[in-house]
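Architecture and fold: a report
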Amino acid sequence: MTAAADRAAVTPEASAALQVHIRRGAAVAAFTVPRRANQTVLDVVTEIQRDQDPTLAYRFACRVGMCGSCGMTVNGRPRWTCRTRVAAVAPDGVLTLEPLRNLPVVKDLAVDMEPFFEKWRRAHGYFEPGETPPDDFATVAPDSPARQEVDAGIECINCGVCYAACDLVTWNPDYLGPAALNRAWTLVNDVRDRDGAGRLAAVAGDAGCHSCHSHMSCTEHCPKGLSPTFSIAGLKRETGKAALRRFWRRG
C-alpha cells in the first residue's frame, strides 16, 4: 500500500514566499517562489524551471506517485516530490533541494540510475523460467505462505529512495542495496522461478544481505510504506539455511 501523502495545508501564518535553495553541482542556486495552498515540492521545481531558469534539470513523469521518477533530497530527506506538500516539510518557508544520495549526478537534481539497476541485475533481480518452462501458467495461491512472505515487498517500483537513504551504500558502494535485495526476496519466494540457488549465492557475498546492519532507513523512507528490511532478513535466513545444507551434504 502506498504511504499517505503529506497533506498539511498552508496556514495563515505561513510566509507568502518560499526561499528555495537548489544544489547545482558544487554551487547552490537561490530562488524565490510564491507560496500556494496544497503546493507540492514538484510544483515548486516545475515553476522555477518554467518561469525562472529553463536550464534547471530534474526528472518526473506521472506527478501522482505512480512512477517514482521524481525522487529528490528534500530538506535532507529523500522523497517523492510529487507527493510531498511544501507545508509539511517547509513550515518556515525554506526549502533545500538536492539530488538523491549514492547515485552519480547527471545534472542538477537528475541522477544516473544505472548503478542502481546494475545492483538489481547482480542480485539476479530478474525472473528465470529455466531451460524447460512449463507449458501452462503456474498457480500462485494468494494465501500461500510463500506469497504472503513477499506481500511486504512486491509493490516496489524501484524509485531509488531507499537506496539514497541507505547509509551502508554510502559506506560500501559495492553493497547491493535494499531495493535489489528486496527484489531478490520476492523471486526467492516465487514458485515459478528456477534460479533459487543461483540467486541465493548472488546475495550471500560480502556485498549482499549479511552486510545489512538493519538500521531500518530503507523502511523508514520508503514512499510506498514497504519494508526492505523485512525482505533482507528473509534472505539472511534462507542463505543461512542454504549454507547449512551444503555443510551437511559435505559431511
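These numbers were taken from a predicted model, which means no experiment stands behind them.

1. Considering the overall build of the chain
Counting its regular elements, the chain contains 10 helices and seven strands. In terms of its C-alpha atoms, the chain occupies a principal-axis envelope of roughly 70 × 35 × 30 Å. By residue count, 43% of the 251 residues in the chain fall in the buried class. Long-range contacts, defined here as pairs at least 24 residues apart, represent 66% of the contacts in the chain between residues at least 6 apart. As displayed, the chain has an accessible area near 12900 Å², and 54% of this comes from carbon and sulfur atoms. The distance from the centre of the 30 positive side-chain charges to the centre of the 28 negative ones in the chain is 2 Å.

2. Comments concerning the environment of Val86
Here Val86 shows up in helix H2 (residues 86–89). On the basis of relative accessible area, Val86 is assigned to the buried category, the value being 1%. Taking the C-alpha atoms as reference points, Val86 and Ala37, separated by 49 residues in sequence, lie 9.0 Å from one another.

3. So, the pairing of strand E4 (residues 77–80)
The side chains of a regular strand alternate, residue by residue, between the two faces of the sheet. Two elements, strand E3 (residues 71–74) and E4, share four bridges in a ladder whose sense is antiparallel. Residue pairing for E4: Gly71 is matched across the bridge by Trp80. Two successive antiparallel strands, E3 and E4, enclose a turn made up of two residues, where Asn75 displays a positive phi of approximately 50 degrees.

4. Description of unusual backbone geometry
A positive phi angle is found at Asn38, which is not glycine, with a value near 60 degrees. Of note, Asn38 is situated in the loop between strand E2 (27–34) and helix H1 (41–51). Given a relative accessible area of 47%, Asn38 falls into the partly exposed group.

5. Here's the deal with the packing of aromatic side chains
Taken as a whole and assessed by the stated rule, the structure comprises three aromatic pairs. Centre to centre, the rings of Phe116 and Phe117 are 5.0 Å apart; their planes meet at 85 degrees, and the pair counts as edge-to-face. Residue Phe116 is classed as buried on the basis of its relative accessible area of 2%. The class of Phe117 is partly exposed, set by a relative accessible area of 29%. The interplanar angle of 90 degrees and the centroid separation of 5.4 Å between the aromatic rings of Phe116 and Tyr163 together place this pair among those described as edge-to-face. Placement of Phe116 in helix H3 (residues 114–122) and of Tyr163 in helix H5 (residues 161–165) is noted, with a sequence separation of 47 residues between them. For the pair formed by Phe116 and Tyr163, the shared burial category is buried.

6. Some thoughts on a positive patch on the surface
Taken together, the side chains of Arg245, Arg246, Arg249 and Arg250 present a region of like positive charge at the surface. Along the chain, Arg250 falls in helix H10 (residues 228–250).

7. Focus on the side chain of Glu47
Residue placement: Glu47 occurs in helix H1. With relative accessibility at 16%, the residue Glu47 sits in the buried group.

8. Section: the side chain of Ser227
With respect to the element layout, Ser227 can be found in the loop between helix H9 (217–221) and H10. Look at Ser227 and you get buried, because its relative accessible area is 18%. Excluding residues that lie within four positions of it along the chain, Ser227 makes contacts with Ala152 and Thr219.

9. Observations concerning the nonpolar core
Core analysis: the biggest nonpolar cluster contains 28 residues, and Tyr175, Leu181, Val203 and Leu235 have the highest contact counts within it. For this core, the secondary structure elements donating two or more residues are H5, helix H6 (167–171), helix H7 (178–188), helix H8 (196–203) and H10. Considering each element in turn, this core owes the most residues, five residues, to H7.

The rules behind these values
Residues numbered from 1 in each chain as written. Predicted model: local features only at pLDDT ≥ 70, side-chain atom pairs only at ≥ 80, totals over all residues. Heavy atoms only, no water. Helix = DSSP H or I, 4+ residues; strand = E, 2+ residues; numbered from the N terminus. Buried < 20%, exposed > 50% of the residue type's maximum accessible area, 1.4 Å probe, protein only. Contact = heavy atoms within 4.5 Å. Areas by Shrake-Rupley, 256 points an atom, 1.4 Å probe, with all protein chains shown as cover. Lys, Arg positive; Asp, Glu negative; His and termini not counted. Charge placed at Lys NZ, Arg CZ, Asp CG, Glu CD. Pairing = 2+ DSSP bridges. Phe/Tyr/Trp six-rings, centres within 6.5 Å; stacked < 30°, edge-to-face > 60°. Patch = residues over 30% accessible without salt bridge, like charges linked within 9 Å, V, L, I, M, F, W, Y side chains within 5 Å. Salt bridge = Lys/Arg side-chain N within 4 Å of Asp/Glu carboxyl O. Core = buried A, V, L, I, M, F, W, Y, C linked by side-chain atoms within 4.5 Å.

Honestly, that's just the spatial picture; any functional story needs more than this.
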